[in-house]
Amino acid sequence: MRRLLAKPQANTSLGVAALAPMVDMLTILLVFLLKSYSTDAPVRPGDTNFELPMSISEQPVQRTLAIDLTAHGIYLQDQRIAGTRYYLEQDDTLITELYGALQQLPGDRVQVRADADLPYSLTRKALFTAQQAGKRKVTVVTVSRSSL
Amino acid sequence: MLLLMPFLLLTTSVQKLAGIDLLLAGNNSELPPEPPGIVERLTVVVHPDTALEITAQVRRSDVGAKTGETEARAERIEAGAEGLDLAALQSALRRYKGLDPEREQATLLPADSLSNGQVVNLMDAMRRDAEGELFPKVALGVEPPAPSDAEGEQP
């Protein structure tokens with residue numbers, strides 16, 4: 001009876017030994033999370049088919065005018081400007097609707113967020129249009145390979 | 001640490017965006033000048049699924065050469081069964097980097113039929129390899145391709 005009521009003695013050395021791997025694991029997880037931490041808002045969350053290309057680049061993206069090239073349309077600041085199919089099929093190098101809209105907006109910096117599966121011909125036309133509209137600093141937005 | 005972990009897990013985004021700043025070649029606009037080096041012009045032309053073509057203007061340095069005289073060099077890398085040979089491209093670009101370590105700029109002329117994902121892969125391959133930085137400033141050709149450039153076919 002006395003043996004049953006006796007308070008068990010904690011084996012402190014065993015407890016510390018069991019805790020050490022858990023602390024190691026949490027530290028590794030913490031370093032991984034800090035390295036891949038990002039507060040970037042998802043690009044075109046409503047469009048499930050839209051996927052940005054992957055890149056080894058780590059350069060952060062600044063908030064500027066955004067041209068989105070998707071399978072459904074060409075968007076400027078999330079406003080639909082033109083259809084994609086027309087400019088994929090035509091030889092027109094200048095996207096006139098985009099050119100007119102870009103000329104109305106100040107600044108010379110623009111970012112292009114193009115779907116990874118779209119042909120480069122459309123991106124080339126968008127870049128050419130931006131250049132013609134006086135947007136000299138163009139950034140292509142990609143998803144970093146260090147993403148989660 | 002136990003407080004920080006849930007905070008990070010709750011606030012982090014699964015997509016980390018990264019930008020690639022472009023130099024746009026074409027429209028009669030001059031690209032930013034490069035420091036004078038032995039390689040004066042370096043261009044990679046992509047023929048989809050068939051080959052990569054590297055053309056360069058390299059300044060002649062032999063005794064008989066006149067001042068500023070250059071020679072054109074061209075190299076064609078045929079695509080393998082798995083597509084375009086990016087490792088061979090990087091190896092060739094590494095040789096040009098060895099000739100002119102100060103040079104940072106190269107021009108990429110992708111075929112229209114390539115996807116944006118493939119173009120970004122090519123740009124990544126031109127910007128750095130396993131040994132380090134190659135040509136971090138990639139200029140993209142945005143002018144419409146000349147008819148003779150299409151798929152390497154001759155009329």
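Residues numbered from 1 in each chain as written. Chains lettered and ligands numbered in written order. Predicted model: local features only at pLDDT ≥ 70, side-chain atom pairs only at ≥ 80, totals over all residues.

### A short note on the interface of chain B and chain A
In this assembly, 32 residues from chain B lie in contact with 43 residues from chain A. Elements supplying a minimum of two residues to the side of chain B that touches chain A: helix H1 (4-11), strand E1 (17-25) and helix H3 (116-127) of chain B. Looking at which element gives the most residues to the side of chain B that touches chain A, the answer is E1 of chain B, with 7 residues. (Contact = placed C-beta atoms within 7 Å. Helix = DSSP H or I, 4+ residues; strand = E, 2+ residues; numbered from the N terminus.)

### Details of H3 of chain B
All names here are of chain B. Between the first and last C-alpha of H3 there are 16 Å, a value that for 12 residues agrees with the 16 Å anticipated at 1.5 Å per step. For H3, a buried count of 12 out of 12 residues is recorded, marking the element as mostly surrounded by other parts of the structure. Burial in H3 covers these residues: Asn116, Gly117, Gln118, Val119, Val120, Asn121, Leu122, Met123, Asp124, Ala125, Met126 and Arg127. (Expected span 1.5 Å × (residues − 1). Buried ≥ 20, exposed ≤ 12 C-beta atoms within 10 Å, placed from the backbone.)

### Considering helix H2 (residues 86-99) of chain B
With 14 residues, H2 of chain B should cover 20 Å at 1.5 Å per step; its first-to-last C-alpha distance of 20 Å lies within 8% of that length. In this structure, the buried residues of H2 of chain B make contact with strand E2 (39-47), strand E3 (51-59), strand E4 (70-78) and H3 of chain B.

### A look at the environment of Arg59 of chain B
Residue and element names in this part refer to chain B. Relative to the assigned elements, Arg59 resides in strand E3. Accessibility expressed as a C-beta count within 10 Å gives 17 for Arg59, which makes it partly exposed. Leave out the neighbours within four places in its chain, and Arg59 touches Ile38, Glu40 and Thr70.

### A word on the nonpolar core
Formed by 59 residues in total, the largest nonpolar core has its most connected members in Val112 and Ala126 of chain A together with Val44, Leu108 and Met126 of chain B. Excluding its chain neighbours within four sequence positions, the residues that come into contact with Met126 of chain B are Val44, Leu93, Ala106, Leu108, Leu134, Phe135 and Val138 of chain B. (Core = buried A, V, L, I, M, F, W, Y, C linked by C-beta atoms within 7 Å.)

### Observations concerning the packing of helix H4 (residues 96-104) of chain A against helix H5 (residues 120-132) of chain A
Residues and elements named next belong to chain A. Where H4 meets H5, the closest approach of the two axes is 9 Å, and the angle between their N-to-C directions is 35 degrees. The element H4 and its partner H5 pack so that their crossing is right-handed. For the pair formed by H4 and H5, the contact residues are Leu98, Tyr99 and Leu102 on the first element and Ala126, Thr129, Ala130 and Gln132 on the second. Classifying every residue of the contact of H4 with H5 gives 5 nonpolar, 2 polar and no charged. (Axes fitted to C-alpha atoms, helices over the stretch in contact; angles between N-to-C directions. Left-handed = near helix turned anticlockwise from the far one by under 90°. Nonpolar A, V, L, I, M, F, W, Y, C, P; charged D, E, K, R; others polar.)

### Let's talk about unusual backbone geometry
All names here are of chain A. In this structure, Gln77 is a non-glycine residue whose phi angle is positive, near 50 degrees. Mapped onto the secondary structure, Gln77 falls in the loop between strand E3 (73-76) and strand E4 (79-83). Within the chain, Asp78 stands out as a residue other than glycine whose phi angle is a positive 65 degrees. Positionally, Asp78 belongs in the loop between E3 and E4.

### Some details on the pairing of strand E6 (residues 137-144) of chain A
Residues and elements named next belong to chain A. Of all 8 residues making up E6, 7 are buried, and the element is well covered by its neighbours. Relative to E6, strand E1 (residues 54-55) runs parallel, the two sharing 2 bridges. Looking across to E6, one finds that Ser55 is bridged to Ser144. Bridging between strand E5 (residues 109-114) and E6 involves 4 bridges; their strand directions are parallel. Considered in E6, the bridge of Gln111 is made with Thr139. Between E5 and its parallel partner E6, the chain crosses via H5, and the hand of that crossover is right-handed. (Pairing = 2+ DSSP bridges. Right-handed = clockwise from strand over helix to strand, strands pointing away.)

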